[in-house]
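Single-letter residue listing:
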Amino acid sequence: MSSDAVKKRKPKVIRNEAGTPETKRGRAEGEQSVEMEERRRQCSVHFITLKKLNRLAHMRLKKGRDQTHEAKQRVDVLHLQLQNLLYEVMHLQKEISKCLEFKSQHEEIELVSEEEFFQEAPAEISRPHVTRDDHHQLTLARLDWELEQRKRLAEQYKMSLARKEKIHKAIEQKREYLSSLQPGLQNIMQASLPVQECLSMPFEQMQKQAEVARHLPPPLYVLLVQAAAYGQACDKTLSASISGDVDEAKALSRPPEDSQDDESDSDAEEEQQNTKRRRASVGVQLDDKRKEMLRRHPLSLCVDLKCKDGSVLHLFFYYLMNLNILTVKTKVSTTTDLSGAVSAGELLNSESLLNCLYASDHGQETPNPTNRYQFDKVGITTFADYVSDLGHPYVWVQKLGGLQFSSDGAQVCVLMGSALSASHMERTMKLLQGRLQARLALHKQFSSLEHSIIPISGECQHLFPAKVVSGLTLVPVEQELGFVQHVLKAGLLRETDLFFMAVVERGTARLLAAVVVNPRYPEVMPLFSLSLHWKGERSGRTEDNLRAMESEVNMFRAELQGPRPGLQLLTNQIQRLCVCLDVYLETESQVCDGSEGPKEFPREKMCLRTARGPSRLKPFKYNHPQGFFSHR
């Protein structure tokens, strides 16, 4: 409230000094009201001043914050410039270090000493008047002299090879003369064999094998006895033979541990005699210890398992003496040429042929827990690095040899070895025969698929319509595909699985199918993952009909496997995929616009309903013998 208003509202007071007491009392009350108005006015002024000061304080605070923020920004800019400068300095220091650490290739060449160089090298190469004062020219001259010496040695090497060829020809001539005597000796030796064969009594062969079998290690001996017994009782075509150096096996009189101790003692004596030599040969000694640790028995066992089609699976069993485990290598012999299929190269590969014969048995690590501590002593990180040379230590191989290891590394007693081997022999041999038949059937199917032919047996013709327009055009191998990432994340593709891609085409439509084949095929059904390239790209994760097509080829094993054991399962799945693509393309246009279909895909399949449900699923189920398609 302003002072003018207060003045206007000030009451008029009639002063009369000679008034009555009531007049004096009224005069006193008027003075009090004037004083209250004055104080009210002062309070208003102070309140307005207080608001002004508060506003000024807020403005100063905002200005201080803005100034602080600007200062921080300047500091951040300067700090960023400092970081950039430090990074440039570090980069330059690294470049300088690389330049200082650069080593020329000529430093790895062992050149002759300077004294020997000036003594033996001719003057036109050595040039003493120049090279003695210039280290660079001296190095170039020494390199020129090294080149001349190597050329001379190369000529001597060629002359030595020519002399070697002459000596080799002379040896061949003498060898041919000696080999000409061999047929006569063989005729004499073979004269008695027909009698033994007619009587089915190969006494000579059995006697030789029994003589050699005495020197087999216990696991291989158990395997030989049980394989021979199984062959006589259940499979007459199964044969077992022993190969290797018998003399070396006879010479094994001391345990491997003793020989290792002797070698360590002799190494210790050599180390005491010459310290420098010890330092230079530490790596060599470690390699020798590894070789001794992974040493195989001189004798090995070969088991030949024949199938009805004439193919033979050769199993080579080895025994690692220091590790006390058995390993196996494989080889397949067939009556037909199997080199035609390019994409089926891994099917009969000896490294992966017997993977997962039993579930989760990959044969990459030793099943004996005590071997882990033995490996730590010689610096072996994993046994998988030596599998290609030594063979696979599958668990079923140990059981066939009567070996079984518990979690604490204790071995089952030897008396139970034969019983353990006999309990697993029949099932394992049947699994091996089934694995070979399945791989040969897959190889034959891949040979046809690569030529755009889907082989369908007569027993499976009723599973598909008479006319299938879509066809397989290519079976290449791919490694990275976007529409199979969910299969990888779900853990459905393992290192032991076989992976390939099939391309099914009809007109402008291309259906890509990534196929995962488990090593235990056909016991485990192949897994298909689809991607359609037609009017854009679609996959089973984005469209319900493609997901339904995946279900048709992945889920209904009873319909697709055909006659047991279901070796035609893969080709039946691919043929079902072609049929589903026909149905998809022939019904797709009717779902979109209701027309009779584009000219590119005329309707040739009879469908009760072209689509059903909110997701507009198509009829992929084929009904035989009616010949129409319906929904499931």
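Residues numbered from 1 in each chain as written. Predicted model: local features only at pLDDT ≥ 70, side-chain atom pairs only at ≥ 80, totals over all residues. Heavy atoms only, no water.

**Q** I'm lost on the packing of helix 10 (residues 218-233) against helix 18 (residues 417-449) in this one. Help?
**A** Packed helices, taken two at a time, are described by the angle between their axes plus the distance between the axes. In contact at an axis separation of 10 Å, helix 10 and helix 18 are set at 50° when each is read in the N-to-C sense. Classified by the angle between their axes, helix 10 and helix 18 sit oblique to one another. The handedness of the crossing between helix 10 and helix 18 is right-handed. Along its contact with helix 10, which presents Val-222, Leu-223, Gln-226, Ala-227 and Tyr-230, the element helix 18 presents Gly-417, Ser-418, Ser-421, Ala-422, Met-425, Glu-426, Met-429 and Lys-430. Counted by class, the contact of helix 10 with helix 18 contains seven nonpolar, four polar and two charged residues. (Axes fitted to C-alpha atoms, helices over the stretch in contact; angles between N-to-C directions. Helix = DSSP H or I, 4+ residues; strand = E, 2+ residues; numbered from the N terminus. Parallel < 35°, antiparallel > 145°, perpendicular 65-115°, else oblique. Left-handed = near helix turned anticlockwise from the far one by under 90°. Contact = heavy atoms within 4.5 Å. Nonpolar A, V, L, I, M, F, W, Y, C, P; charged D, E, K, R; others polar.)

**Q** Please clarify how the sheet that holds strand 3 (residues 312-320) should be interpreted in this entry.
**A** The pairing of strands in a sheet happens through backbone hydrogen bonds and is either parallel or antiparallel. Taken in spatial order, the four strands line up as 1-2-3-4 in an open sheet, and their pairing is antiparallel. Two strands in the sheet have a free side with no partner beyond their single neighbour: strand 1 (239-244) and strand 4 (325-333). Taking each pair of neighbouring strands and ignoring which way they run, the sheet shows an average axis angle of 25°. Of the strand pairs in this sheet, strand 3 and strand 4 are connected by nine bridges, and their pairing is antiparallel. The residue of strand 4 that forms the bridge with Val-312 is Ser-333. (Pairing = 2+ DSSP bridges.)

**Q** Would you explain the pairing of strand 8 (residues 527-533) in this entry?
**A** Side-chain direction in a regular strand flips from residue to residue, so the side chains alternate between the two faces of the sheet. Burial within strand 8 is extensive, with five of its seven residues counted as buried. Direction of pairing for strand 7 (residues 509-517) relative to strand 8: antiparallel, over a ladder of seven bridges. In the strand pairing of strand 8, Val-516 is matched with Leu-527. The pairing of strand 8 with strand 9 (residues 537-539) spans three bridges and is antiparallel. Residue pairing across strands places Ser-531 opposite Ser-539, the latter belonging to strand 9. Joining the antiparallel neighbours strand 8 and strand 9 is a turn of three residues, in which Lys-535 adopts a positive phi near 55°. (Buried < 20%, exposed > 50% of the residue type's maximum accessible area, 1.4 Å probe, protein only.)

**Q** It is not clear to me how the sheet that holds strand 11 (residues 621-623) should be interpreted in this structure. Could you clarify?
**A** The strand order across the open sheet built from three strands is 10-12-11, with neighbouring strands paired in mixed fashion. Among the strands making up the open sheet, the edge pair consists of strand 10 (606-607) and strand 11. In terms of strand pairing, strand 11 meets strand 12 (residues 628-630) through three bridges, oriented antiparallel. Opposite Lys-621, over in strand 12, you have Ser-630 as the bridge partner.

**Q** Can you walk me through the pairing of strand 3 in this structure?
**A** Across the nine residues that make up strand 3, a large majority, eight, are buried. Between strand 2 (residues 299-306) and strand 3, which pair antiparallel one after the other, the connecting turn spans five residues, and Gly-310 there sits at a positive phi close to 95°. Between strand 3 and strand 4, which pair antiparallel and follow one another directly, the connecting turn spans four residues, one of which, Asn-324, has a positive phi of 60°.

**Q** What exactly am I supposed to notice about the side chain of Asn-518 here?
**A** Relative to the assigned elements, Asn-518 resides in the loop between strand 7 and strand 8. Residue Asn-518 is classed as buried on the basis of its relative accessible area, which comes to 16%. Within the structure, the side chain of Asn-518 is placed 2.9 Å from the backbone nitrogen of Arg-520, a separation counted as a polar contact. Those residues in contact with Asn-518, other than ones at most four positions away along the chain, are Arg-494, Asp-497 and Val-524. (Polar contact = N/O pair within 3.5 Å; in protein donor to acceptor, adjacent residues only side chain to side chain.)

**Q** I'm lost on the packing of aromatic side chains in this one. Help?
**A** Between two aromatic rings, the relevant description is the distance of the centres plus the angle of the planes. For the structure shown, the criterion picks out six aromatic pairs. Aromatic side chains Tyr-394 and Trp-396 sit 5.6 Å apart centroid to centroid with 15° between the ring planes, which places their arrangement in the stacked category. Accessibility expressed as a relative area gives 1% for Tyr-394, which makes it buried. Looking at Trp-396, the relative accessible area reads 3%, which means it is buried. Against the face of Phe-118 rests Arg-132, its NZ or CZ located 4.1 Å from the ring centre. (Phe/Tyr/Trp six-rings, centres within 6.5 Å; stacked < 30°, edge-to-face > 60°. Lys NZ or Arg CZ within 6 Å of the ring centre and 35° of its normal.)

**Q** Looking at this structure, how should I read the pattern of salt bridges?
**A** Pairing between side chains of opposite charge can happen when their charged atoms approach one another. Going through the model one piece at a time under the given rule, you end up with 27 salt bridges. Residues Lys-618 and Glu-588 are paired through a salt bridge, measuring 3.0 Å at the closest nitrogen-oxygen approach. One end of the pair, Lys-618, is in the loop between strand 10 and strand 11; the other, Glu-588, is in helix 22 (residues 569-593), with 30 residues separating them in the sequence. Residue classification places Lys-618 among the buried positions, given a relative accessible area of 4%. Given the relative accessible area of 11%, Glu-588 is considered buried. Overlapping salt bridges bring together Arg-506, Asp-582, Glu-586 and Lys-605 as one network. (Salt bridge = Lys/Arg side-chain N within 4 Å of Asp/Glu carboxyl O.)

Purely geometric numbers; function is a separate question.
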